[in-house]
Amino acid sequence: MNANWIRPPSALILIGLLVSPSGLAGTTLDLCQQLITPPESNSVIQQQRYLAQLVQLTDQLRAAPSRAQELAQCHHLASKALATLDHQASQPVTQLTAEAAYLNLTTASKRQLRLDRVDCQLDEATDPQPALLPLRRQDVGRYLYQSPGERCSQYVWLGWENRGGNDTRLLLDRILQAASDHAKSQGYSDSVEHALAGNYLDSPQKVSRWLQSLPVSQAELPWQPHAVPRYRNLNPAQLSQAALQALTATLGLTLAKLDNGSWQVWDQRRYLGVVTLTPGKRTELRVIQRHIVGHHFGVAEVVYRSKTKWRFSHVEQLLARQSQALYALAGQPLATHQGQRWEADLQGLTAALGEALAHSASFSAPLGPLPPATPQGFQASELFDAEMALVVWRQDNLDEAGLMQAQSRLFQHYFHHPAPSHWRWWNSRPQLIRQGPLLYRKQLSRQLAAQLISRWQQGQLSGSQLWRQLYVDTNHQPMTSTLDALGVGLHQRQ
């Protein structure tokens with residue numbers, strides 16, 4: 001299909017902010033203030049247009065790859081204005097400040113581990129500074145693959161896990177207290193009950209029961225190196241385009257090419273927006289603006305890994321981000337920004353559907369030769385993490401003795417091995433802060449997506465049904481009823 005007159009906006013709302021003369025931050029913020037100032041008229045049409053403009057502006061500012069200070073300030077002001085209309089109680093400032101400090105300590109650690117004290121240095125030919133190991137993810141991961149033995153592996157892994165020190169414990173105590181007080185002010189018994197309210201799995205008992213029912217496919221101890229991934233050389237640009245074409249064709253959508261990297265997306269005669277594919281360091285999604293029905297169409301950029309050496313997880317990531325891009329283009333009503341909330345633990349379902357399609361032979365055949373597929377299943381480490389998150393967030397303040405008991409019990413359950421005695425799982429866990437008690441939602445989405453793809457492969461669901469009910473309808477209504485209608489679910493919800 002050839003693209004017609006509808007073309008992507010060349011600069012969107014953001015152009016007015018970006019073209020401000022260099023150094024004139026006041027000019028940029030003045031224009032930003034004009035954009036976020038409510039209209040004088042209280043008419044429904046004017047208020048709806050204002051809300052749509054705020055949504056569009058915050059989307060574009062969030063997607064900007066690098067933001068100057070004045071653009072970051074504008075994003076804060078626009079988000080604050082949007083939250084006022086959203087009728088949602090904001091998190092306490094104390095909690096937000098402590099969370100930011102915790103994340104900074106755990107993601108930008110400058111600490112180093114002495115290896116010579118325990119005779120765990122690597123060969124000097126492999127490492128120019130064998131006595132010191134920076135506590136960075138890449139360096140620790142490389143060491144674990146080359147480790148001289150399990151004793152050294154556990155020593156390094158513990159150093160990495162405990163890199164936050166006492167500072168993060170104090171911060172976590174402050175976070176838990178603030179979250180608990182906030183939850184109780186909203187009428188909930190604790191922060192977990194608050195976070196799970198209205199979710200697909202709406203109580204910690206249901207989540208725990210479901211997690212413990214999942215089969216464990218990999219139970220390697222966390223400090224043991226995993227199997228070396230198998231790679232394949234391929235053309236990333238060709239694969240990215242073939243994946244997008246296969247995904248849209250499966251869902252019954254039509255692409256109309258704009259240029260070498262951009263396509264219009266059509267749902268029969270309904271225009272959804274534009275998807276752009278661009279090379280980059282790693283695969284990621286930038287939703288420049290969501291499709292808000294009746295106001296503006298969607299614009300999404302999928303950045304794909306430009307290196308030619310891919311493993312199967314890279315293919316899964318690509319399809320997950322493309323699937324999420326289509327969900328952003330499916331069309332949301334403004335009501336979703338006026339206090340209506342769907343299940344937070346199902347927000348990753350369309351991404352998981354893309355990952356599951358990568359394992360379907362009938363879907364992946366047109367993509368050409370791919371890296372060897374990794375077995376589908378659940379790792380003991382991810383299930384353990386999900387359960388520990390629930391335990392931590394149920395506390396009103398940090399009770400390390402109670403957490404140590406839970407850690408020992410759950411580690412033995414999932415790994416059939418005693419937990420290391422000096423380990424504190426909560427000490428340096430960024431995802432504990434970023435996802436809160438919902439650390440289980442990736443596994444939940446993965447299981448439900450596998451059921452959906454199984455029904456699709458058996459001919460019980462069509463691709464058009466998946467698009468209409470899973471992508472379009474769930475932008476307008478809760479996902480639970482949609483999943484029930486599609487014939488998938490969990491008995492642990494009962």
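Rules and cut-offs
- Counting restarts for each chain, with residues numbered from 1 along the sequence as it is written.
- The predicted origin of the model limits local features to residues at a pLDDT of at least 70 and limits the giving and counting of side-chain atom pairs to 80 or more, whereas totals for whole chains, interfaces and linings rest on all residues.
- Side-chain measures were taken over the full set of non-hydrogen atoms in the model, leaving aside hydrogen atoms and water.
- Under the scheme used here, helices are H or I runs from DSSP no shorter than 4 residues and strands are E runs no shorter than 2 residues, and both carry numbers assigned from the N terminus.
- Residue exposure (1.4 Å probe, protein chains only): buried if accessible area is under 20% of the type maximum, exposed if over 50%, otherwise partly exposed.
- Contacts were defined at the residue level, with two residues in contact if any of their heavy atoms lie within 4.5 Å.
- Every angle, taken between N-to-C directions, lies between 0 and 180 degrees, and every axis is a line fitted to C-alpha atoms, over only the stretch in contact when it is a helix.
- Geometric relationships in this document are graded by angle, where less than 35 degrees denotes roughly parallel, more than 145 denotes roughly antiparallel, 65 to 115 denotes roughly perpendicular, and other angles denote oblique.
- With the far helix as reference, a near helix turned anticlockwise by less than a right angle produces a left-handed crossing, and one turned clockwise produces a right-handed crossing.
- Strand pairing is assigned whenever DSSP detects at least two bridges linking the two strands.
- Put simply, a disulfide is two cysteine sulfurs that come within 2.5 Å.
- Any Lys or Arg side-chain nitrogen found within 4 Å of a carboxyl oxygen on Asp or Glu counts as a salt bridge.
- Think of a nonpolar core as a cluster: buried Ala, Val, Leu, Ile, Met, Phe, Trp, Tyr and Cys residues, connected wherever their side-chain atoms sit within 4.5 Å.

A. Local environment of the environment of Ser 180. You can see Ser 180 is positioned in helix 8 (residues 165–185). Classification of Ser 180 as buried rests on a relative accessible area of 1%. With 238 residues separating them along the chain, Ser 180 and Pro 418 place their C-alpha atoms 31 Å apart. When neighbours within four sequence positions are excluded, Ser 180 is seen to be in contact with Ser 191 and Asp 396.

B. Main features of the packing of helix 12 (residues 312–329) against helix 13 (residues 349–358). Running from N to C, helix 12 and helix 13 point in directions that differ by 135 degrees, and their axes come no closer than 7 Å. Our classification of the angle between helix 12 and helix 13 gives oblique. Helix-helix and strand crossings are classified by hand; for helix 12 and helix 13 the assignment is right-handed. Contact residues: Phe 312, Val 315, Glu 316, Leu 319, Ala 320, Arg 321, Ser 323, Gln 324 and Tyr 327 in helix 12; Thr 350, Ala 351, Gly 354, Glu 355 and Ala 358 in helix 13.

C. Representation of the pairing of strand 9 (residues 298–305) in the model. For strand 9, the buried fraction is high: eight of the eight residues fall into the buried class. Bridging between strand 7 (residues 270–280) and strand 9 involves eight bridges; their strand directions are parallel. When the bridges of strand 9 are listed, Val 275 appears paired with Ala 300. Both strand 8 (residues 284–289) and strand 9 contribute to a ladder of five bridges, which runs antiparallel. Within the sheet, the bridge partner assigned to Glu 284 lies in strand 9 and is Val 303.

D. Local environment of the state of the cysteines. Taken as a whole and assessed by the stated rule, the structure comprises two disulfides. Here Cys 32 pairs with Cys 74 through a disulfide, and the sulfurs are 2.1 Å apart. Measuring handedness by torsion sign, the sulfur bridge of Cys 32 and Cys 74 sits at about 90 degrees and is right-handed. Pair noted here: Cys 32 is in helix 2 (residues 25–36) and Cys 74 is in helix 4 (residues 69–86), with a separation of 42 residues, a long-range link. Note on accessibility: Cys 32 and Cys 74 belong to one class, buried. Regarding the disulfides, the chain carries the connectivity 1-2, 3-4 under sequence-order numbering of its bonded cysteines.

E. Layout of the sheet that holds strand 7. Reading across the sheet, the five strands line up as 5-6-7-9-8 and stay open at both edges, with mixed pairing between neighbours. Either end of the sheet is taken by a strand with one partner, and the two such strands are strand 5 (254–259) and strand 8. Neighbour-to-neighbour, the strand axes of the sheet open up by a mean angle of 25 degrees, direction not taken into account. Relative to strand 6 (residues 262–267), strand 5 is paired through five bridges, and the arrangement is antiparallel. Within the sheet, the bridge partner assigned to Lys 257 lies in strand 6 and is Trp 263.

F. Up close: unusual backbone geometry. Here Asp 119, not a glycine, exhibits a phi torsion of approximately 55 degrees, which is positive. Its place among the elements puts Asp 119 in the loop between strand 1 (112–114) and strand 2 (132–134). The exposure class of Asp 119 is exposed, given its relative accessible area of 60%. Unusually for a residue other than glycine, Gln 268 sits at a positive phi of about 55 degrees. Mapped onto the elements of the fold, Gln 268 is located in the loop between strand 6 and strand 7.

G. Representation of the pattern of salt bridges. All told, the structure shown has 16 salt bridges when counted by the stated rule. Taking the shortest distance from any N to any O, the salt bridge between Glu 284 and Arg 286 comes out at 3.5 Å. A relative accessible area of 23% means that Arg 286 is categorised as partly exposed. Taking the shortest distance from any N to any O, the salt bridge between Glu 400 and Arg 424 comes out at 3.1 Å. Within this pair, whereas Glu 400 is found in helix 16 (residues 400–415), its partner Arg 424 is found in the loop between helix 16 and helix 17 (430–434), the two being separated by 24 residues in sequence.

H. A look at the pairing of strand 6. Strand 6 sits mainly inside the fold: six of its six residues count as buried. Between strand 5 and strand 6, which pair antiparallel one after the other, the connecting turn spans two residues. Bridging between strand 6 and strand 7 involves six bridges; their strand directions are antiparallel. Opposite Val 265, over in strand 7, you have Gly 273 as the bridge partner. Where strand 6 hands over to strand 7, the hairpin turn is made up of two residues, of which Gln 268 adopts a positive phi near 55 degrees.

I. Summary view of the nonpolar core. Formed by 102 residues in total, the largest nonpolar core has its most connected members in Trp 425 and Tyr 440. Among all residues touching Trp 425, those that are not within four sequence positions of it are Phe 384, Asp 385, Met 388, Ala 389, Val 392, Gln 407, Leu 432 and Leu 439.

J. A look at helix 13. Of all the ten residues making up helix 13, ten are buried; the element is thus mostly covered by neighbouring parts of the structure. Buried within helix 13 we find Leu 349, Thr 350, Ala 351, Ala 352, Leu 353, Gly 354, Glu 355, Ala 356, Leu 357 and Ala 358. Those residues of helix 13 that are buried are in contact with helix 11 (236–250), helix 12, helix 14 (361–364), helix 18 (441–457), helix 19 (463–472) and helix 20 (479–486).

K. Quick look at the environment of Asn 397. By secondary structure assignment, the location of Asn 397 is in the loop between helix 15 (380–393) and helix 16. We classify Asn 397 as partly exposed; its relative accessible area is 38%. Through-space distance from the C-alpha of Asn 397 to that of Gln 177 is 5.1 Å; in sequence the pair is 220 residues apart. Apart from residues no more than four positions distant in its own chain, Asn 397 is found in contact with Asp 173, Leu 176 and Gln 177.

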